[in-house]
Each structure stands twice: as structure tokens, then as C-alpha cells.
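Letter by letter, the chains look like this.
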Amino acid sequence: MDTNSTPSPDPSRQNAWAKPVDRLRVTGAHAEAMNLNVEGRHLTSPLNGFGQLWQKTYRIKLPGVTPQQVVKLWKEKLPEFMPADSRFYPSLSGVKPGEILLINATLPGIPGGMPVSTGVMILYADDVSFSVMTPEGHPEAGFNTFSAYEEDGVTIAQIQSLARANDPIFEFGFRFMGGSKQQENIWRQVLTNLSAQFGVQGAAVEMNKLCVDPRLQWSQAKNVWHNSVVRTTLSLPLRMVGKIFNR
């Protein structure tokens, strides 16, 4: 596993870490966000997932700016950098440790895509990085770290994930329905959009991926019970009926 490319958060910075929680609680949710499949869920690490474990690293060079400037803007404008099929909604408190970032996305699989409402918890945040962790039912079980650091005098903006598909349905989707490719395109676009904010045009996004563990964890196949695509799809008709009667 490549651990040299991501700055390790300093454990002594207690205020940068989220406080331990048993179940997630959503507060200060964005008014436009569909809030499903997060409230009351446990967090999931790669140990709790089903599919192959992948580490994926995306990097782009941003000359002329500091890592602190990059991450400050990233936190402030994260939703603006996301593509239309993967909308991020930070809480009203912003990207801070312990806050929930809701996600409304569309996954490939059927014409028009499959809707999914989920989210992540901000596990760690300082002035040069922030990390998120997934809940039960999310497409993946694991972590994403967004960071910036200097290399040979040039600032590098980086996204690194360590995660595996949460259940057999998501593993099938990642492998055979275009889910993995869509995910990789999302993070490339985020870095491209971020670089454009600093006037950097045409810079290439480098990507490296490593299969850390090719095995499937069949003991975790039960995770399908919380599958966020299934639960989102089943809940939408009920939500529409509720809106009609509440008018």
C-alpha cells in the first residue's frame, strides 16, 4: 500500500478529529438535500465491506498557491466542484470534524441512472486536509482524504480513497455496470474544477490505483440490507405521496 503520498494527520491535534459516535445524527441539513440512509447508521471501515479493497490516488499540480489556500477553498466550495450526477451538501456548519456531508447522486445501471441518497461523516479536518468516512449502506465502506502538500516546490492537490464495495450489489455495479469508471471520472472532474479556480487550465490529473486485497468478504454480504440505492428507490414513491398530501 502506498502510504507515502498522503500527509498523515497529527493525532495530537485533538480538535481536528471527530468525537467518537455510536450512530450518526444529521443536524443542520441543507434544505435542497434529500436526507436518507444516514440518520442512525453506524460508520463502516474497509474491514466491514464486502468487495475488493482498492486504494485510488488522484493528483494535480497547482503552481503558485499554498496547500493552505487550496484546502481552504476546497472546503468552502466543495459542492461547486462536484459534477451534476453527484451533489454534495455540507451541513450549515461546513466541513468540520463530526459534521455530516449529505450526498445525492445518480449511479449508472438503467437509463437515466439509479438515484441514491447517502452521506459521509467528516472524520478529520485541518488546514491542509480533511477526511471522510462512510456509513452503512453507502456504495463503499472506507475513507476518502482530500489534501494538499508541497512536492519539489509545487503544491499538489490530492484525493485518496481506501475503500471496498459495501455489499454484493455495489460490487457488481462497480465491476460490471460502470460504477468504478464513474467514480474515477468524478474525482478527476473535482480536481480539474478545483484547479480552474486558481487559473490553472489544462493540467493533467494523475491517477494511480492499487488492489490492496482482491478477496470478497462473504461474511459481509448481509450489508445488502442497508443498500442505499435500494432504500432510496423504495422511499421515493412514499416521499412523493407525502408531498402531495402536505400541500
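See the structure printed just above.
Cut-offs and rules
- Per chain, the residues get numbers from 1 upward, laid out in the order the sequence is written.
- Per-residue local features of the predicted model are confined to residues with pLDDT of at least 70, and side-chain atom pairs are confined, for both listing and counting, to 80 or more; whole-chain, interface and lining totals are unaffected and use all residues.
- Side-chain metrics in this entry use all non-hydrogen atoms of the structure; hydrogen atoms and water are not considered.
- The convention used is that axes are lines fitted to C-alpha atoms, helices contributing only their stretch in contact, and that angles between N-to-C directions extend from 0 to 180 degrees.
- By the criteria applied, helices consist of DSSP H or I runs no shorter than four residues and strands consist of E runs no shorter than two, each listed in order from the N terminus.
- Oblique is the label for every angle not falling under 35 degrees (roughly parallel), over 145 degrees (roughly antiparallel), or within 65 to 115 degrees (roughly perpendicular).
- Here a crossing is taken to be left-handed if its near helix is turned anticlockwise relative to the far helix by less than a right angle, and right-handed if that turn runs clockwise.
- Contacts are assigned to residue pairs with any non-hydrogen atoms lying within 4.5 Å of each other.
- In this classification, the charged set is Asp, Glu, Lys and Arg, the nonpolar set is Ala, Val, Leu, Ile, Met, Phe, Trp, Tyr, Cys and Pro, and all remaining amino acids, among them Gly, are polar.
- Each polar contact in these results corresponds to two N or O atoms within 3.5 Å; when the atoms are within protein, one needs to be able to donate a hydrogen and the other to accept it, and residues that are neighboring in sequence are counted only if both atoms are side-chain atoms.
- Each cavity reported here is a set of points on a 1 Å grid over the protein atoms alone in which a 1.4 Å probe fits but cannot get out, each pocket an open set with protein on both sides within 12 Å along at least five of seven lines, and each lining residue one with an atom within 4 Å of a point.
- Grid points are joined across faces, edges and corners, and a volume is the space filled by probe spheres set on the points.
- Stacked, edge-to-face and tilted are the three classes for Phe, Tyr and Trp ring pairs, Trp counted by its six-membered ring, which pair at centre distances within 6.5 Å; planes under 30 degrees apart are stacked, over 60 edge-to-face, the rest tilted.
- Burial status follows relative accessibility: with a 1.4 Å probe on protein chains alone, a residue under 20% of its type maximum counts as buried, one over 50% as exposed, and anything between as partly exposed.
- Remark: a charge is flagged as sitting over a ring if the NZ atom of Lys or the CZ atom of Arg is within 6 Å of the ring centre and within 35 degrees of the ring normal.

Engineer: Just give me the short version of the packing of helix 1 (residues 67-81) against helix 3 (residues 179-197), but keep the residues and values in it.
Structural biologist: Across the interface, helix 1 lies against helix 3 with an axial gap of 10 Å and an inter-helix angle of 120 degrees. In terms of their interaxial angle, helix 1 and helix 3 are classed as oblique. Here helix 1 runs over helix 3; the crossing is right-handed. For the pair formed by helix 1 and helix 3, the contact residues are Val70, Leu73, Trp74, Lys77, Glu80 and Phe81 on the first element and Gln189, Val190, Leu191, Asn193, Leu194 and Gln197 on the second. Across the contact of helix 1 with helix 3, the residue classes tally to seven nonpolar, three polar and two charged.

Engineer: Run through the environment of Asn227, naming residues and quoting values.
Structural biologist: Relative to the assigned elements, Asn227 resides in the loop between strand 9 (206-213) and helix 4 (228-246). Beyond its immediate chain neighbours, meaning those up to four positions away, Asn227 contacts Gly137, Asp167, Ile169 and Phe170. Side-chain polar atoms of Asn227 contact the backbone nitrogen of Val230, separated by 2.9 Å.

Engineer: Got a sec to walk through the layout of surface pockets? Specific residues and values, please.
Structural biologist: Of the volumes computed, that of the largest pocket is approximately 570 Å³. Around the largest pocket sit 34 residues that line it, and Leu107, His138, Pro139, Phe174 and Gln183 are the ones nearest its centre. Listing elements by their share of the lining of the largest pocket, those giving two or more residues are strand 3 (86-90), strand 4 (100-107), strand 5 (114-125), strand 6 (129-135), strand 7 (140-151), helix 2 (168-176) and helix 3. When the residues that make up the lining of the largest pocket are grouped by side-chain class, the tally is 21 nonpolar, eleven polar and two charged.

Engineer: Account for the packing of aromatic side chains, naming residues and giving values.
Structural biologist: The description of an aromatic ring pair uses the distance of the two centres, along with the angle that the planes make with each other. Here the structure, examined in full by the defined rule, presents eight aromatic pairs. On the numbers, 4.7 Å between centres and 65 degrees between planes, the contact of Trp17 with Tyr124 is edge-to-face. On the criterion of sequence distance, the pair formed by Trp17 in the segment before strand 1 (43-44) and Tyr124 in strand 5 is long-range, its members being 107 residues apart. On the accessibility criterion, Trp17 (32% relative accessible area) is partly exposed. Tyr124 sits in the buried class, given a relative accessible area of 1%. When the centroid spacing of 4.8 Å and the interplanar angle of 10 degrees are considered together, the rings of Phe130 and Phe146 count as stacked. Placement of the pair is Phe130 in strand 6 and Phe146 in strand 7, with a sequence separation of 16 residues. For the pair shown, Phe130 and Phe146 are each scored as buried. Among the aromatic residues, ring-to-ring pairing joins Trp74, Phe88, Phe130, Phe146 and Trp187 into one connected group. One residue, Lys56, lies across the ring of Trp54, its end atom 5.9 Å from the ring centre. Sitting over the ring of Trp225, Arg231 keeps its end group 5.0 Å from the ring centre.

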